[in-house]
Amino acid sequence: MNIGRKLANLVTGMMTQDENTKIYGTEELQEGLADLAGDAAAEGIVLLKNDSGTLPLMGDTTVSVFGRVQLDYFSVGYGSGGDVKPPYIINLMEGLRENPNIQINEQLAVIYETWCRKNKANHGSWGNWPRYHREMPITENVVMQAAAASNAAIVVIGRGAGEDRENVLEKGSYYLSDQEMNLLEKVTAVFKKVIVLLNFGTIIDMSWVEQFGDRIKAILCVWQGGMESGRAVAKILFGLATPSGKLTATIANRYEDYPSSKNFGNKKFNNYVEDIFVGYRYFETFAKTSVKYPFGYGLSYTTFKIVTRSVEEKGGQIFVNVTVKNTGDQYSGKEVVQVYYGAPQGVLGKAVKSLATFAKTKLLQPGRSETLTLAFNVAQMASYDDGGKTGYKSAWVLEAGDYPIYVGNHVQTANVQGTYTQSTLKVIEQFSEAAAVKPEHSFERMVAKTGKAGRITLAYESVPIVTTDLKDTVQSRLPQPVAQTGDKGYKLIEVKKGTVTMAEFIAQLSLDELEGLCRGDYTMNSPLGTPGNAAVFGGVLPSLRDKGIVPITTSDGPSGIRLSAYASLLPIGSNLACSWNEDLVERLHQMLGQEMLKKGSDVLLSPGMNIQRDPLCGRNFEYFSEDPLLTGRMASAVVRGIQSQGVSACPKHFACNNQETNRTLHDSRVSERALREIYLKCFEICVKEAKPQNIMTSYNKINGVWGHYHFELSTIILREEWGYKGNVMTDWWIQSSKDPNFPKLRDNAYRVRAQVDVLMPGGKRKMFRKRRKDPSLLKSYAKPEGITLGELQRCAANVLRFVLISAPFAKVNGLPYYGGELEKNKE
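Residues numbered from 1 in each chain as written. Predicted model: local features only at pLDDT ≥ 70, side-chain atom pairs only at ≥ 80, totals over all residues. Heavy atoms only, no water.

This brings us to the overall build of the protein chain. Scanning the protein chain from N- to C-terminus turns up 24 helices and 32 strands. The C-alpha atoms of the protein chain give 27 Å as radius of gyration, which agrees with the globular expectation for 827 residues (28 Å, within 12%). Principal-axis analysis of the C-alpha atoms places the extent of the protein chain at approximately 85 × 65 × 55 Å. Here the protein chain, with 827 residues, has 65% of them falling under the buried criterion. (Helix = DSSP H or I, 4+ residues; strand = E, 2+ residues; numbered from the N terminus. Rg over C-alpha atoms; globule rule 2.2 N^0.38 Å. Buried < 20%, exposed > 50% of the residue type's maximum accessible area, 1.4 Å probe, protein only.)

Structure, rendered in structure tokens:
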């Protein structure tokens, strides 16, 4: 990393963290939110191993807890998304001690407490977060004494994760450190009952499980569970809750087994060679034996039987009727039913299995059953033809043949329970080429080929490249302007009441006012918003506020509300997704929306919903899954929950923010097909199902174009194809660039032409937080091929439509609420 890049990171950290070190107000949180957050953290814990019923721990157990992370617990990932100010965080030892039925080896606990006080955990600085905390040296004598005083051992292994910092193939990051291996060796040599807790934000190497074999009796992925972490883990350990979490990403035998492993972490660009074969799609199709723990896997304290009653097609939908029975005799529990589809290989080649839908049962007592009907659209099984092999280029198609329907409780147990047959090729939707790979960036991608006896083999082909003229595409879509009238004295509330049209209101706006609506208030922690805000947009000029346009306060997420105020710290995205419980996630975020209203946040920069393409991505902890359907549905639950309270979510990062290394300059090179089927599909689901009012672009390039300049993503796909009506904002600051198709445009004019509406935080990046205007938006105005009045007005309208339905606008204008939801502000 060069000096300039290091300095930029340091400045970003200073600007991001300075004001947020201050805390104003009381410690009061939204009532019930902490308890629900604890329930969600517990429900996302994944039981990987439980030999001989080791867990739950019984009341006569005395436990020795090893590992400094019992105290220096990783409750959340580092960076903007996790820098929340909770009034407390329950670490593991605190959670264990709250249970009166279990005895803790306090002599050992005191040894760790004393050592940790003298050897404080170093939490690093921006982009230099710790990947782990150095473990306490321990002697065989201490372990022997602990074994004599207890009959079970818990070993806690912790990993940090953070924004702007990747995990690496080193001990203490992806691999266990020598100290951790030494600790496991000593503990497993003496204790007969050893439980390992994995307190991490993203997947690590698990090859050590085979090395220790049956000396380790139980393993739990406890993730990073927020402020209630310790209590959530204790609930599972002591049987107060039965584990029902399922993995949302595959754990492979080795890092090298992941299909992305050879094309991850490069500073300039990564070719997404694996194409649609991300995660389990690759392993199920080409490498089943390379998996340690499969996608969707997770054990329980009880057992279940899933019986498929019927699989049938009606009216373009596949209906799967199943009965789930708790066949155990001691513990209640929940099970996740997972439905996958296969497809004929045809000329395109397909993954053997793709997640179609899922459902989680209610809490089933021993011997009790629940019948579920799961449904999904036949069209969901279509593939995107980006090369024209089927005769329909840039179209979603169902190739002729059989589509097997699989049902199970993880991808490997899912067996064929029915078949849908497509008699002839069917075009589901015809689009136009968009966001294709540039000719100079062409590469070979993975494809599935059918060989002898129907055996599927891995092959490669050249990725389809750009064949259209983007300049013509953009020019054909330039909006007509509304003639400017000068200030007519109209107020925005009149648009709400219907006495003035939006066009009439916008017609009175000056160029400076239009420019103001297309940016934030220059800096983070704007004085126009709640202290500690990420930025403010909307009413950033006095003249705009005079017209009734209120300032809109944004705050970082997704693990809570990041302001200079106490707020609830929620479980990380991976933890929530592993619950596979959309209803629980939605209810959690309904309460978070209520807390937003109390704390003064109008837009939460959440959810983070990029695909977990590679386990080394430092920001995977914020994201949900390697699967687009699961990601899209979890993100939809977050958005629905937040927006039900009259405040806004802001899904991010649109799109392909799949690594942190050189993230502001890196180019994600990916085929149209993989974009459509994997990396954009999750956003499409969220937009169509949950209707987010704001969306944030990504820092990186997508096929040579930065996300904040990407006309094809923000205008053609997002707005025209998906019907998105909301506001699009940049991630914080943009990269300076000239529009290659319109040389008069650069920077903010280039951005506005793409219909990325708002520059955040609003000005040029400047050291020491000085307000610095960026004049690039209006510089080309009224010049040949320069920015047009119609484009400025179009982005202003996108912003104003959100302001009209925002919480602060309702408050200022006395609009009524109903149960926290804006009663009259829906369009």
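For the coordinates displayed, the defined rule picks out 0 disulfides. The thiol of cysteine 221 is not disulfide-bonded; the next cysteine sulfur, from cysteine 578, is found 7.5 Å away. (Disulfide = S-S within 2.5 Å.)

The subject of this paragraph is the packing of helix H17 (residues 628-643) against helix H19 (residues 681-690). The contact between H17 and H19 brings their axes to 8 Å, and the two run at 35°. Remark: the crossing between H17 and H19 carries right-handed chirality. Contact residues: Pro628, Leu629, Thr631, Gly632, Arg633, Ala635, Ser636, Val639, Arg640 and Gln643 in H17; Lys681, Cys682, Ile685, Cys686, Glu689 and Ala690 in H19. Residue composition of the contact of H17 with H19, grouped by class: 8 nonpolar, 4 polar and 4 charged. (Axes fitted to C-alpha atoms, helices over the stretch in contact; angles between N-to-C directions. Left-handed = near helix turned anticlockwise from the far one by under 90°. Contact = heavy atoms within 4.5 Å. Nonpolar A, V, L, I, M, F, W, Y, C, P; charged D, E, K, R; others polar.)

Right, let's talk about the sheet that holds strand E8 (residues 269-271) for a bit. Here 4 strands make up an open sheet; going across it, the order is E8-E26-E28-E29 and the pairing mixed. The sheet terminates laterally at E8 and strand E29 (705-706), the two strands that pair on one side only. (Pairing = 2+ DSSP bridges.)

Let's shift gears to helix H6 (residues 178-190). Over its 13 residues, H6 extends 19 Å from the first C-alpha to the last, a length consistent with the 18 Å expected when each residue adds 1.5 Å. What H6 keeps buried is the set Glu180, Met181, Leu183, Leu184, Lys186, Val187 and Thr188. (Expected span 1.5 Å × (residues − 1).)

Here we come to the pattern of salt bridges. Applying the stated rule across the entire model yields 49 salt bridges. Residues lysine 49 and aspartate 51 are paired through a salt bridge, measuring 3.7 Å at the closest nitrogen-oxygen approach. Taking the relative accessible area as the measure of exposure, lysine 49 reaches 13% and is therefore buried. Put simply, glutamate 98 and arginine 231 hold a salt bridge, and the shortest N to O gap is 2.8 Å. In this pair, glutamate 98 is assigned in the loop between helix H3 (92-97) and strand E3 (103-104) and arginine 231 in helix H8 (residues 229-237), connecting sequence segments 133 residues apart. By relative accessible area, which is 43% here, glutamate 98 ends up partly exposed. One salt-bridge network, held together by shared partners, links Glu163, Asp164, Arg619, Glu622, Glu660 and Arg663. (Salt bridge = Lys/Arg side-chain N within 4 Å of Asp/Glu carboxyl O.)

The next subject is the environment of arginine 772. Following the sequence through the fold, arginine 772 ends up in the loop between helix H21 (748-753) and helix H22 (776-779). Put simply, arginine 772 and aspartate 521 are 251 residues apart on the chain and 9.9 Å apart in space, counted from C-alpha to C-alpha.

Right, let's talk about the sheet that holds strand E18 (residues 415-422) for a bit. Across the sheet, which stays open at both edges, the 4 strands sit in the order E13-E12-E17-E18 with antiparallel pairing between neighbours. The two strands at the open ends of the sheet, each matched to only one other strand, are strand E13 (354-360) and E18. Sheet twist, expressed as the average angle between the axes of neighbouring strands with direction ignored, equals 20°. With 7 bridges connecting them, strand E17 (residues 401-408) and E18 associate as antiparallel partners.

Quick look at the packing of aromatic side chains now. Tallied over the full model, the rule gives 25 aromatic pairs. Pairing tyrosine 255 with tyrosine 258 gives two aromatic rings, centres 6.2 Å apart and planes at 50°, and the pair type is tilted. Residue classification places tyrosine 258 among the buried positions, given a relative accessible area of 6%. Members of the aromatic cluster, connected to one another through ring pairs, are Tyr174, Tyr175, Tyr255, Tyr258, Phe277, Tyr282, Phe283 and Phe286. The ring centre of tyrosine 272 lies 3.9 Å from the NZ or CZ of arginine 613, which sits over that ring. The ring centre of tryptophan 706 lies 4.4 Å from the NZ or CZ of lysine 701, which sits over that ring. (Phe/Tyr/Trp six-rings, centres within 6.5 Å; stacked < 30°, edge-to-face > 60°. Lys NZ or Arg CZ within 6 Å of the ring centre and 35° of its normal.)

Another aspect to go through is the nonpolar core. Within the largest apolar cluster, 231 residues are counted, with the highest numbers of intra-cluster contacts made by Phe66, Trp208 and Trp732. Residue contributions to this core peak at 10 residues, all from helix H23 (residues 789-804). Here tryptophan 208 is in contact with Leu176, Met181, Leu184, Val196, Leu198, Ile216 and Ile219, once residues within four sequence places are set aside. Listed in part, the 26 residues of the second largest apolar core include Val337, Val339, Tyr384 and Tyr420. (Core = buried A, V, L, I, M, F, W, Y, C linked by side-chain atoms within 4.5 Å.)

Further remarks concern the pairing of E17. Of all 8 residues in E17, 7 are buried; the element is thus mostly enclosed. The sheet contact formed by strand E12 (residues 336-341) and E17 spans 4 bridges and is antiparallel. Bridging from a neighbouring strand, glutamine 338 pairs with glycine 408 of E17. Linking E17 to E18, which pair antiparallel, is a turn of 6 residues.

Next up on the list: the packing of helix H2 (residues 33-43) against helix H16 (residues 582-599). Two elements in contact, H2 and H16, have axes whose closest approach is 10 Å; the angle formed by their N-to-C orientations is 150°. Taken together, the axes of H2 and H16 lie roughly antiparallel to each other. Regarding H2 and H16, the two cross each other, and that crossing is left-handed. Residues Leu33, Leu36, Ala37, Asp39, Ala40 and Glu43 of H2 lie in contact with H16, whose contacting residues are Leu584, Arg587, Leu588, Met591, Leu592 and Glu595. (Parallel < 35°, antiparallel > 145°, perpendicular 65-115°, else oblique.)

Following glycine 557, the chain continues into proline 558 via a peptide bond in cis, with omega recorded as 15°. Within the secondary structure, proline 558 sits in the loop between strand E23 (551-556) and helix H15 (573-577). Omega for the bond connecting methionine 760 with proline 761 falls within 30 degrees of zero, at 0°, which places this linkage in the cis form. The topology assignment puts proline 761 in the loop between H21 and H22.

So, about the environment of asparagine 703. With respect to the helices, strands and loops of the structure, asparagine 703 is situated in the loop between strand E28 (701-702) and E29. Sequence spacing of asparagine 703 and valine 670 is 33 residues, and the spatial spacing of their C-alpha atoms is 6.6 Å. Excluding residues that lie within four positions of it along the chain, asparagine 703 makes contacts with Ala435, Ala436, Val437, Lys438, Asp667, Ser668, Arg669, Val670 and Leu675.

Attention now moves to helix H4 (residues 106-118). Here H4 is 13 residues long and its end C-alpha atoms lie 18 Å apart, about the 18 Å a rise of 1.5 Å per residue gives. For H4, the set of buried residues is Leu108, Ala109, Tyr112, Glu113, Trp115 and Cys116. Against strand E2 (62-66), H3, helix H5 (140-149) and H6 lie the buried residues of H4. Regarding H4, its N-cap is asparagine 105, as a side-chain oxygen of that residue lies 3.3 Å from the backbone nitrogen of glutamine 107 further along. (Polar contact = N/O pair within 3.5 Å; in protein donor to acceptor, adjacent residues only side chain to side chain.)

So, on to the side chain of aspartate 521. Mapped onto the fold, aspartate 521 is located in the loop between helix H13 (511-517) and strand E22 (535-538). Since its relative accessible area comes to 3%, aspartate 521 is described here as buried. Of the polar contacts made by the side chain of aspartate 521, one reaches the side chain of serine 526; its length is 2.6 Å.

This part is about a positive patch on the surface. A cluster of like positive charges, contributed by Lys744, Lys764, Arg772, Lys779 and Lys783, occupies part of the molecular surface. Within the secondary structure, lysine 764 is located in the loop between H21 and H22. (Patch = residues over 30% accessible without salt bridge, like charges linked within 9 Å, V, L, I, M, F, W, Y side chains within 5 Å. Areas by Shrake-Rupley, 256 points an atom, 1.4 Å probe, with all protein chains shown as cover. Lys, Arg positive; Asp, Glu negative; His and termini not counted. Charge placed at Lys NZ, Arg CZ, Asp CG, Glu CD.)

On to the confidence of the model for the protein chain, then. When pLDDT is averaged along the protein chain, the result is 95, and 96% of the positions lie at 70 or above. Long-range and interchain partners of residues 1-5, a stretch whose pLDDT sits below 50, account for 7 contacts in this model, where long-range means more than four residues apart. (pLDDT = per-residue confidence, 0-100.)

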